[in-house]
Structures are given as C-alpha cells and as structure tokens.
Amino acid sequence: MAADAAGTEGEEQPIKQRKNGLYPGVSDELAENMSTGWADTELHGLEPIPQAEQTAARRAALSARYPGERLVIPAGNLKTRSNDTEYSFRASTEYAYLTGDQTEDGVLVLEPRGEGHSATIHLLPRSNRENGEFWLSGQGELWVGRRHSLAEAEQLLGIPAEDVRELAGKLSEATGPVRVVRGHDAAIEAALTDKVTAERDEELRVYLSEARAVKDAFEIGELQKACDSTARGFEDVVKVLDKAEATSERYIEGTFFLRARVEGNDIGYGSICAAGPHATTLHWVRNDGPVRSGDLLLLDAGVETHTLYTADITRTLPISGRYTELQRKIYDAVYEAQEAGIAAVRPGAKYRDFHDAAQRVLATKLVEWGLVEGPVERVLELGLQRRWTLHGTGHMLGMDVHDCAAARTEAYVDGTLEPGMCLTVEPGLYFQADDLTVPEEYRGIGVRIEDDILVTKDGNRNLSAALPRRADEVEAWMASLKNDK
Ligand code: GLY
Ligand code: MN
Ligand code: MN
C-alpha cells in the first residue's frame, strides 16, 4: 500500500485522517502545478445500464405506493476494517434494486411532485482538480479511482444526479412526510431524525422486501448467470481436491472465490467448505479443517453477479470420488426429499408445501432406519425429525441470499407461490459427531443438496441444473473432471 496521503514530508503536522484531510505541506507552486495540465476525460453519449427500464418501473411502483411522501434510500458507506483500511463495499440491496447503481455514499431520493414523485440520485461527483482533492484526499481519484461525473451518472442510470454532500443539509430543512430505509447511512438518518418514525420506516423496508419477491426478466437472467458461474466454481473445486487434501478446506474456499471474483462481483455469502464432520455444522465458514479421502465435502457457495444477484447451491461430494455405502444411503434419502420438495414448487402452491414434502420423506427414512420411533405422522406432528434436519427446506433467493427477509409472514411463509419467484430447495440430514442416539457409523456425516428453483407459469425450472445431483451422476461428473485435468 502507498503511504498515507499525509506522505512522509509533513511530519510536523501529520494528518491522522486521510479521508478529506488536505496535506498541509503543499507549496503554492506545487498546488498550481497539480491543478493544471490534465486532459478533459468527461464521457459523452453513454448507453444506459441494461436494467434501466426495470429500475424505472420499480421506482414507479414505489412512488405509487407512497403518494405525497419523500422517500430516502441510501446505498450505505464504507466501513472501517482497521485504522484507514475499509471492508470492500457492497451497496444496500434496496438502493441497488431501485437505481442499478452501487456507489458508496449514494442516496436515492423520491420527492413528491404532483401525482407522483421525481427521483434524484445523490452522489459524490468526480474529485475537484482545482483544490487538490483528487490527489490529496483519501477519496480522491488518484487514490481510489475515477468516479463518474454527475452528468455521466445521469446518462447511465436515467436519473438526474446531484452532489450528495449537499443532501443532509437539504433534508434537515425539508418539510412534509418522509421515510428512510434505515441501517445504511447514519448521517442521512441523523438529518431526518425528528421527521421520521421507526414504524413508518419499517413499512418502507417491508414494502421493498416484498416488491423483490417476483423477479422480472432481467433478474431471472442474472440469477441464471449466477448459477452458471457457480457451477463452474464447483467444477474448479473438484479439479483441485488433491491440493485441498494436501492443505485444508481453505484451498476450496480460495478456489471458489477466484471464480467469483473473476466472473462476478464477489461471493454472495461466506462459502461453506465443510469436509468430514464439519458438514454437520450448518454454516461452517471457518474452513480451516482437513480434507480427507473417504469423507464427504459439503460445499455450499454462490457467485454474486456484477449486478448483485447471487446463487446459493450445495453439493455434498465424496472426496475420493465414490460414496461409501452408508454415505450413499443418506445421500439418496436427501436426494429423494429434494425431488419431492422441487415437485411441490409450482404457481398456486402454498410456500410451505415444498418444505412439508421434503420433511415427510426425511421423517419416513429416519423411521425406516430405526433412528426414531414411528409412525411417520407422529414424528412429523412432534417435529422429531428436526434433531437431524435442523433447518427449513429453503428460502427466497435474489439480491440477498436470504432474499425478501423483511416480508410479512402472510406475504412469504404463509403465502402462495407465483411465477417469477425464485427459491432454494435444500433439505439435509446432519448426524453430529457426538450424537449418541444414532449408530456410531452415522456420526459425523452431514448431507445437504441445494438448488435454485424458479417458479414458472406451469411449474418450475431448476436454474442450477448444470450441476449433477443424483449420486451416480455426481460420481461420473467428478471422474470426468479428474480425467480432464
Ligand atoms: N448458504 C446458506 C443457505 O443455504 O441458506
Ligand atoms: Mn446454501
Ligand atoms: Mn440456502
């Protein structure tokens, strides 16, 4: 990393805060020199982003929902990791959904106008070349890269753009009803503190969560890209299992991450690279354990596209390339449960149906294997299978891995499936290493199979079908990838 913007020469008056701190030791001649001699790089005639029509339609729907109210949707700010380094930035889902933009500190404002609203996006403009900000400030373009000018942002996003540094002042002076999406930008919330209520702001958050449940054509395309990219990432992992055996689960995490960063924006959530008994920990993201031939690898990972849509796929793979008899018995039971779950995904079905269908299969197997006393109806009624199934069978998927999480119960888990909804179907069985109620050979085995299922007009489509699921197909696929190397 380069030295701080304070440099090494200003030792008498070091600048602690790189952000916005102008370096005091700049001579007039240097300041003059730095302010001139730069080409005009303004871009003209930019094409709008591909989803501009969809983001406009989403803003129109939002406007219709809250007539006469000012709506404020922030992207969020950088978060400090340590001292003057920050975590990589990920714009708030609500902001990216409504604008297509992903710039830190951005804020979308919908101002009531006549029957509807006028939208304005508030952004940090390109850094000024006259006052030295572009090379002296930590947010200057010679430090962090070129930003779009406001005029460029307008062309790309189809939304008039203004300087965000003036927004907090304007908001604190504004009158009339206002709502803000909370939790992303403390300064914007502070400017509105005496004008908003938690209850009304929560309604806005809930609306934006529910609005995302049915995906438009652009979103479905992005989810398919995320799944396809994730499938390639899984292939990458299979090809390096020998290297993972020589190192640790981290090799798997790093291999998948490479694919996510090269083809997409990031991973959509912490990759779960769980070998052996770690597969029984639902969100094993420490990924620091050994990878041993003879064990299973539960890999639950998703690439997030450049537009922030993520896949969420799990495969449970035999590290040796072949399942043992018991591993296969458990795997086949989970596969059967997943098949039953996927078959229950269709328009008009209750959201809960796919969960119930999968749980019934798993409960039946557990009774058959003598692990819990039947009949199956009793097990299901008392939920006794949950000792080994642990979690719900799926969730909505989209820009957030657990999408639409703020939706009301009646619009989500007690709701009905509609074409355009996308959900995961991910049953699992987990026999903890210290579970004395199961035979010893079961202990430490965890299996989950997870696919991303789009509800279509007449049923469903598996967006992650590129990855094999049936045990024999998984084995054949692994063998072909190993031969491919
Ligand atoms: N990867 C988290 C989940 O499957 O829900
Ligand atoms: Mn998952
Ligand atoms: Mn999931």
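Since we're looking at a predicted model, the values are computed, not measured.

Student: What exactly am I supposed to notice about the coordination of the manganese ion (ligand 2) here?
Tutor: By definition of the ideal shapes, a tetrahedral metal site with four donors has angles of 109.5 degrees and an octahedral site with six donors has angles of 90 or 180 degrees. Protein-derived ligands of the manganese ion (ligand 2) are Asp300 (OD), Asp300 (OD), Asp312 (OD) and Glu450 (OE), with the metal-ligand distances lying across 2.0 to 2.3 Å. Here the manganese ion (ligand 2) is ringed by six donor atoms whose angles at the metal span 58 to 169°, and the overall shape comes out irregular. The metal-metal distance between the manganese ion (ligand 2) and the manganese ion (ligand 3) is 3.3 Å, with Asp312 coordinating both. Here Asp312 is found in the loop between strand E11 (303-304) and strand E12 (313-318), whereas its partner Glu450 is found in the loop between strand E15 (445-448) and strand E16 (451-456), with 138 residues between them in sequence. By the burial criterion, Asp312 is buried, and Glu450 matches it.

Student: Just to check I follow, could you spell out the environment of Leu98 for this structure?
Tutor: Here Leu98 is to be found in helix H3 (residues 93-99). Separated by 365 residues in sequence, Leu98 and Leu463 place their C-alpha atoms 24 Å apart. Residue contacts for Leu98: discarding those within four places in its chain leaves Thr55, Arg58, Arg59, Leu62, Ile73, Leu108 and Leu208.

Student: Just checking my understanding: could you explain the coordination of the manganese ion (ligand 3) for this structure?
Tutor: Only Asp312 (OD), His395 (NE2), Glu426 (OE) and Glu450 (OE) from the protein coordinate the manganese ion (ligand 3), and they sit 2.0 to 2.2 Å from it. Mapped onto the sequence, the donors of the manganese ion (ligand 3) take the spacing D-x82-H-x30-E-x23-E.

Student: It is not clear to me how the packing of aromatic side chains should be interpreted in this structure. Could you clarify?
Tutor: Any aromatic ring pair is given by two values, namely how distant the centres are and how the planes are angled relative to each other. Counted according to the given criterion, the structure contains nine aromatic pairs. Ring centres 5.2 Å apart and planes at 75° place the aromatic pair Tyr351 and Tyr412 in the edge-to-face group. Note that Tyr351 is positioned in the loop between helix H13 (325-343) and helix H14 (353-368) and Tyr412 in the loop between helix H16 (386-389) and strand E13 (422-425), a separation of 61 residues in sequence. Neither Tyr351 nor Tyr412 differs from the other in exposure class; each is buried. Note on Trp388 and Phe431: the rings are 6.4 Å apart at their centroids and 40° apart in plane angle, and the pair reads as tilted. Of this pair, Trp388 sits in helix H16 while Phe431 sits in strand E14 (residues 428-431), and the two are 43 residues apart along the sequence. Using a relative accessible area of 3% as the deciding quantity, one classes Trp388 as buried. Grouped by ring-pair contacts, the aromatic residues Trp369, Trp388, Phe431 and Tyr442 constitute a single cluster. Between the NZ or CZ atom of Arg65 and the centre of the ring of Tyr66, over which it lies, the distance is 4.5 Å. Sitting over the face of the ring of Trp38, Arg129 holds its NZ or CZ atom 4.9 Å from the ring centroid.

Student: Would you mind going over the site of ligand 1 with me for this structure?
Tutor: If you check the shell around ligand 1, you find Tyr269, His283, Asp300, Asp312, His395, His402, Glu426 and Glu450 and nothing else. One of the side-chain nitrogen or oxygen atoms of Asp300 is found 3.1 Å away from a nitrogen atom of ligand 1. Within the side chain of Asp312, a nitrogen or oxygen atom sits 3.2 Å from an oxygen atom of ligand 1. Taken together, the residues that form the shell around ligand 1 break down as one nonpolar, three polar and four charged.

Student: What exactly am I supposed to notice about the nonpolar core here?
Tutor: General note: in soluble globular proteins, nonpolar side chains tend to be found buried as a group. Within the largest apolar cluster, 94 residues are counted, with the highest numbers of intra-cluster contacts made by Leu62, Ile252, Ile330, Trp369, Leu429, Phe431 and Trp477. The greatest single-element share of this core, amounting to nine residues, is contributed by helix H10 (residues 217-239). Aside from chain neighbours lying at most four places away, what touches Leu62 is Leu71, Ile73, Leu98, Leu110, Leu204, Tyr207 and Leu208. Listed in part, the 17 residues of the second largest apolar core include Ala349, Met396, Tyr412 and Leu423.

Student: I would appreciate a short explanation of the UniProt feature "domain: Aminopeptidase P N-terminal" (unreviewed entry) in the protein chain in the present structure.
Tutor: Here, the residues flagged by UniProt with the feature "domain: Aminopeptidase P N-terminal" (unreviewed entry) are residues 49-189. For the annotated span residues 49-189, helix accounts for 34% and strand for 22% of the residues, and the straight-line distance between the end C-alpha atoms is 29 Å.

Student: How should the packing of H13 against helix H17 (residues 471-484) be read in this particular structure?
Tutor: Between two packed helices, what matters for the description is the angle formed by their axes and the separation of those axes. Relative orientation of the contacting elements H13 and H17 amounts to 115°, with a least axis distance of 10 Å. Within the contact between the two elements, H13 uses Arg328, Tyr331 and Asp332 and H17 uses Ala471, Asp472, Val474 and Glu475. Classifying every residue of the contact of H13 with H17 gives three nonpolar, no polar and four charged.

Student: Would you take a moment to explain the side chain of Thr393 for this structure?
Tutor: Along the chain, Thr393 falls in the loop between H16 and E13. Among the polar contacts listed, one links the side chain of Thr393 to the side chain of His355, at a separation of 2.7 Å. When residues no more than four places from it in sequence are discounted, the contact partners of Thr393 are Phe354, His355, Ala358, Gln359, Thr424, Val425, Glu426 and Pro427.

Student: How should the sheet that holds strand E7 (residues 178-180) be read in this particular structure?
Tutor: Reading across from one edge, E6-E5-E4-E1-E7 is the order of the five strands in this open sheet, with mixed pairing throughout. Each edge of the sheet is formed by a strand with only one pairing partner; in this case those strands are strand E6 (161-163) and E7. Strand-to-strand twist of the sheet, defined as the mean angle between neighbouring strand axes without regard to direction, takes the value 25°. Pairing between strand E1 (residues 70-74) and E7: three bridges, direction parallel. When the bridges of E7 are listed, Val72 appears paired with Val180. Contacts from helix H6 (residues 150-157) reach strand E5 (116-123) and E6 within the one sheet, and its direction differs from that of E6 by about 150°.

Student: Would you take a moment to explain empty space enclosed by the protein for this structure?
Tutor: Picture a little ball the size of a water molecule; that probe, rolled over the atoms, points out where space is still empty. Following the criterion strictly, the structure yields one cavity of 30 Å³ or more and no others. Roughly 60 Å³ of volume is contained in the largest cavity. Looking at the lining of the largest cavity residue by residue, the class counts come to five nonpolar, four polar and one charged.

Student: Which parts of the structure should I look at to understand the sheet that holds strand E17 (residues 459-462)?
Tutor: Sheet strands pair via backbone hydrogen bonds, and the direction of the pair is either parallel or antiparallel. With antiparallel pairing, the three strands of this open sheet are ordered in space as E13-E16-E17. Here the strands that pair on one side only, and so sit at the sheet edges, are E13 and E17. Strand-to-strand, the axes of this sheet are offset by a mean angle of 40°, without reference to chain direction. As paired strands, E16 and E17 are joined by four bridges and run antiparallel to one another. Residue pairing in the sheet places Leu454 in a bridge with Arg461 of E17. Of the strands in this sheet, E13, E16 and E17 are in contact with H13, which crosses E13 at around 160°.

Reading guide: rules and limits
- Residues numbered from 1 in each chain as written.
- Chains lettered and ligands numbered in written order.
- Predicted model: local features only at pLDDT ≥ 70, side-chain atom pairs only at ≥ 80, totals over all residues.
- Heavy atoms only, no water.
- Donors = N, O, S within 2.8 Å, 3.2 Å for Na, K, Ca; no water.
- Tetrahedral: all angles 85-135°; square planar, octahedral: opposite > 155°, others 65-115°.
- Helix = DSSP H or I, 4+ residues; strand = E, 2+ residues; numbered from the N terminus.
- Buried < 20%, exposed > 50% of the residue type's maximum accessible area, 1.4 Å probe, protein only.
- Contact = heavy atoms within 4.5 Å.
- Phe/Tyr/Trp six-rings, centres within 6.5 Å; stacked < 30°, edge-to-face > 60°.
- Lys NZ or Arg CZ within 6 Å of the ring centre and 35° of its normal.
- Near = heavy atom within 4 Å.
- Polar contact = N/O pair within 3.5 Å; in protein donor to acceptor, adjacent residues only side chain to side chain.
- Nonpolar A, V, L, I, M, F, W, Y, C, P; charged D, E, K, R; others polar.
- Core = buried A, V, L, I, M, F, W, Y, C linked by side-chain atoms within 4.5 Å.
- UniProt positions renumbered as here; feature names shortened; annotations may be inferred.
- Axes fitted to C-alpha atoms, helices over the stretch in contact; angles between N-to-C directions.
- Pairing = 2+ DSSP bridges.
- 1 Å grid on protein atoms, 1.4 Å probe; cavity = no way out; pocket = protein on both sides within 12 Å on 5 of 7 lines; lining within 4 Å.
- Points joined across faces, edges and corners; volume = space filled by probe spheres on them.

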